[in-house]
Structures are given as structure tokens and as C-alpha cells.
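Structural overview
Here's the letter readout for the chains.
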Amino acid sequence: MDNRADLALVAHDGKKDDLIAWVENRIDRLRPLSLIATGTTGARIHAATGLEVGRLLSGPLGGDAQLGAMISEGRLKNLIFFIDPLSALPHDVDVKSLLRLAILYDVRLAVNSKSADAVLAALAAE
Ligand SMILES: O=C(CO)COP(=O)(O)O
């Protein structure tokens, strides 16, 4: 895959409702952006809001790794990732890898609603 995205949206299952609420409340600012998401997150956002969101594989099936590849290749510079701090995940190594690459490549990274607002504000100011 060689496409770029302005912003990636990802949420663990326990945080998907929070991310959808965040998206719904900022939909007008998100609509002009090219968005990408892991599979289930993207499907949920689209179903709830009608927003066009490119969909990768589901996170546990390689979606986090695909986002990591996009970051490594300079195709993604903004990541909003609502991590569930209260659940163990089978693909924890993929999550760690994605976060590691986001740090390494100086990606704008948000992990909750308040930091997501900071990412969106910075993106809008570009
Ligand atoms: O597990 C995820 C991120 O680590 C998210 O994947 P889904 O959006 O497919 O649920």
C-alpha cells in the first residue's frame, strides 16, 4: 500500500465508544482530512458517523503493524490511538511496536481525548 493519510484513528475495544464520541463532536474538522483506521475502529466510526475512513486490517490481525509501516515510510504523521489501560491484549507486542515507531519518527501522537484535541489543533494549524 503506498497511500498517505493525514490522520490515523485507532481504539481498543474498551475505548471505541470514547473515540466515536470524540469523532462525532469534531466531525466538521475531521471531514476534510484523509483518515485511516484499523479495521474494526474504522468500521465502527463509519457506521456511527458516515465519515469516510480508509480501513486497514484489524489491529490484532496486523493493522497496528500496517500503521507502523506507514509511519516508517513517511506516509503517516499523526496518530490518535485510544489505548485501553485496563485490558490485556493478545497483540501487545504490535501495540508496543506501533508506539515505538511513532516515537522514533516523531509522529504527533495522542492516546486519549485531551491529547487528541491537541493533535487535531496542530494538524488544523498546518
Ligand atoms: O487493536 C487495535 C489496536 O491495537 C485496534 O484494532 P481494531 O480497530 O481492528 O479493533
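The name given to the protein in an unreviewed UniProt entry is Methylglyoxal synthase, and the organism recorded there is Paracoccus pantotrophus. The UniProt entry for the protein carries the following comment under Function (unreviewed entry): "Catalyzes the formation of methylglyoxal from dihydroxyacetone phosphate." Turning to the protein, the UniProt record has this under Sequence similarities (unreviewed entry): "Belongs to the methylglyoxal synthase family."

A short note on the site of the ligand
Close to the ligand lie V10, H12, T38, G39, T40, T41, S58, G59, P60, G63, D64 and V95. Those elements that place two or more of their residues in the shell around the ligand are helix 3 (39–49) and helix 4 (63–72). Residue contributions to the shell around the ligand peak at three residues, all from helix 3. Here the residues of the shell around the ligand sort into three nonpolar, eight polar and one charged.

Looking at the packing of helix 4 against helix 5 (residues 92–104)
Helix 5 packs onto helix 4 with a crossing angle of 15° between their chain directions and a minimal axis gap of 9 Å. In this view, helix 4 runs roughly parallel relative to helix 5, as classed from their interaxial angle. In terms of crossing hand, the pair formed by helix 4 and helix 5 is left-handed. Along its contact with helix 4, which presents D64, A65, L67, G68, I71 and S72, the element helix 5 presents D94, V95, S97, L98, L101 and A102. Taken together, the residues of the contact of helix 4 with helix 5 break down into seven nonpolar, three polar and two charged.

Topic: helix 3
When we look at burial in helix 3, the residues that qualify are T40, T41, G42, R44 and I45. Contacts from the buried residues of helix 3 go to strand 1 (7–11), helix 1 (16–24), strand 2 (35–37) and strand 3 (54–55). Immediately downstream of helix 3, the backbone of G50 shows phi near 80°, a positive value.

A look at unusual backbone geometry
Of note, D106 is a non-glycine position whose phi angle comes to about 55°, a positive value. As for its position among the elements, D106 is in the loop between helix 5 and strand 5 (108–110). Overall, the presence of 9 C-beta atoms within 10 Å leaves D106 in the exposed class.

About the cut-offs
Residues numbered from 1 in each chain as written. Predicted model: local features only at pLDDT ≥ 70, side-chain atom pairs only at ≥ 80, totals over all residues. UniProt positions renumbered as here; feature names shortened; annotations may be inferred. Near = placed C-beta within 6 Å. Helix = DSSP H or I, 4+ residues; strand = E, 2+ residues; numbered from the N terminus. Nonpolar A, V, L, I, M, F, W, Y, C, P; charged D, E, K, R; others polar. Axes fitted to C-alpha atoms, helices over the stretch in contact; angles between N-to-C directions. Parallel < 35°, antiparallel > 145°, perpendicular 65-115°, else oblique. Left-handed = near helix turned anticlockwise from the far one by under 90°. Contact = placed C-beta atoms within 7 Å. Buried ≥ 20, exposed ≤ 12 C-beta atoms within 10 Å, placed from the backbone.

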